[in-house]
Amino acid sequence: MKKFNTPQPLFYRARLLFLVALMALLSACSTIRFTYNHGDTLLYWWLNAYLDLDSDQSDWVKKDIDKLFQWHRATQLHDYAGLLTKMQRQMGDGSVTQEELLSDYRDIKARTELLAFKALPQLADLAMSIKPDQIGQMEQKFAKNNDKFRREFMSGSVEDQKKARFKKAMDQFELWFGSFSRDQEAALRRASDARPLDNDVWLQERQLRQKKIVALLRRVHDQKLNKEQTMSAIHDLLRDMFDRMEAPERKAFFDAYVDNTSKFVLTAIKLTNAEQKQHAQKRMQGWIDDFNTLAKGK
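Rules and cut-offs
- Residues numbered from 1 in each chain as written.
- Predicted model: local features only at pLDDT ≥ 70, side-chain atom pairs only at ≥ 80, totals over all residues.
- Heavy atoms only, no water.
- Phe/Tyr/Trp six-rings, centres within 6.5 Å; stacked < 30°, edge-to-face > 60°.
- Buried < 20%, exposed > 50% of the residue type's maximum accessible area, 1.4 Å probe, protein only.
- Lys NZ or Arg CZ within 6 Å of the ring centre and 35° of its normal.
- Salt bridge = Lys/Arg side-chain N within 4 Å of Asp/Glu carboxyl O.
- Helix = DSSP H or I, 4+ residues; strand = E, 2+ residues; numbered from the N terminus.
- Axes fitted to C-alpha atoms, helices over the stretch in contact; angles between N-to-C directions.
- Parallel < 35°, antiparallel > 145°, perpendicular 65-115°, else oblique.
- Contact = heavy atoms within 4.5 Å.
- Nonpolar A, V, L, I, M, F, W, Y, C, P; charged D, E, K, R; others polar.
- 1 Å grid on protein atoms, 1.4 Å probe; cavity = no way out; pocket = protein on both sides within 12 Å on 5 of 7 lines; lining within 4 Å.
- Points joined across faces, edges and corners; volume = space filled by probe spheres on them.

Chemist: Can you break down the packing of aromatic side chains residue by residue, with the values?
Modeler: Inspection of every chain in the model, using the stated rule, returns 13 aromatic pairs. Ring centres of Phe-177 and Phe-180 lie 6.3 Å apart, and the angle between their planes is 75°; on these two criteria the pair is classed as edge-to-face. One exposure class covers both Phe-177 and Phe-180, and it is buried. Grouping aromatic residues by their ring pairs yields a cluster made of Trp-202, Phe-253, Phe-254 and Tyr-257. Between the NZ or CZ atom of Lys-62 and the centre of the ring of Tyr-44, over which it lies, the distance is 4.9 Å. Between Lys-141 and the ring centre of Tyr-50, over which it is positioned, the NZ or CZ distance is 5.6 Å.

Chemist: Tell me about the pattern of salt bridges, and name the residues and values.
Modeler: By the definition in use, this model includes 22 salt bridges. Between Lys-251 and Glu-246 there is a salt bridge; the shortest N-O distance is 3.1 Å. Where Asp-255 meets Lys-251, a salt bridge forms, and the shortest distance between an N and an O atom there is 3.1 Å. Placement of both Asp-255 and Lys-251 in helix α13 (residues 251–271) is noted, with a separation of four residues, approximately one turn of the helix. With relative accessibility at 32%, the residue Lys-251 sits in the partly exposed group. Salt bridges linked by common partners bring Lys-109, Glu-113, Arg-239 and Asp-243 together as one network.

Chemist: Would you mind going over unusual backbone geometry in detail, with residue names and values included?
Modeler: Not every positive phi belongs to a glycine, and Asp-52 is a case in point at roughly 50°. In this fold, Asp-52 is placed in the loop between α3 (39–51) and α4 (55–75). Exposure remark for Asp-52: the relative accessible area of 47% places this residue in the partly exposed category.

Chemist: For the packing of helix α8 (residues 132–153) against helix α11 (residues 199–222), give the residues involved together with the corresponding values.
Modeler: Their axes nearest at 11 Å, the elements α8 and α11 cross at an angle of 175°. The angle between α8 and α11 places the two elements in the roughly antiparallel class. Across the interface between the two elements, Pro-132, Ile-135, Met-138, Glu-139, Phe-142, Asn-145, Asn-146, Phe-149, Arg-150 and Phe-153 of α8 pack against Asn-199, Trp-202, Leu-203, Arg-206, Gln-207, Gln-210, Ile-213, Val-214, Leu-217, Arg-218 and His-221 of α11. When grouped by side-chain class, the residues that make up the contact of α8 with α11 number eleven nonpolar, six polar and four charged.

Chemist: I'd like a rundown of the layout of surface pockets, residues and numbers included.
Modeler: Each pocket or cavity is described by its volume, and for the second largest pocket that value is around 220 Å³. Residue assignment for the lining of the second largest pocket shows that the elements contributing at least two residues are α6 (98–118) and α13. The element contributing the most residues to the lining of the second largest pocket is α6, with four residues. Grouping the constituent residues of the lining of the second largest pocket by class yields five nonpolar, no polar and five charged.

Shown next as structure tokens:
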């Protein structure tokens, strides 16, 4: 197989694929099939924005992306439909618990890991093909993304930052449940503000991931690692990224983040009325139908 790597945290490429597949979290129902059916092209454009692939790389990268999507479509989409069916059932009467939400989170995390490690051979091939100037371009892209993060989530007062975070969350809640009343939004804003505001930590974590990716790619190039050595190095990096939530210096932070986020989501579910729950049920059924249709190759 040729080369299919990922600039932004190597494991982010796999995560992006998962998010493209689970576009229900990001897109209107009518766009899921369209987005997924063009996901290989979107993924290539994303990758090219980081590396400016040359003509040789472009040919086999596109083929590898296509093969990965074929595997993903054939083996994963029915499971995504199953996950959404479980979530649909959980939210049907609003009796969902925090532990059920955490179970769903662990399920999604496990599927993200599966996809990341499935792509190891392709990731290794592309890592071996990346040139120093492409690594430099990737570093510039990282820097631009970090500047954007600072502008969107770290500028202004603490109140401004909480407001930006809340707006992003409400975009997702409105996708699921439709519009909210002023009283509901006020309750959600209180629940959102109860979460610790840790944008400095998130920036530090993303910069750490970026440094590790750049270091790995430079090592592959400078030491001329072979395919097996490169796969091993990427495997270790992916494992390190997935296990980061258990790192002693960050475990308390990540545990608190997952706990507070799940409580925030639970608050949103509990305060929705019958009409909003019906909206979510209908929305999820559309996503379920789309994933099942996609799994059939349509």
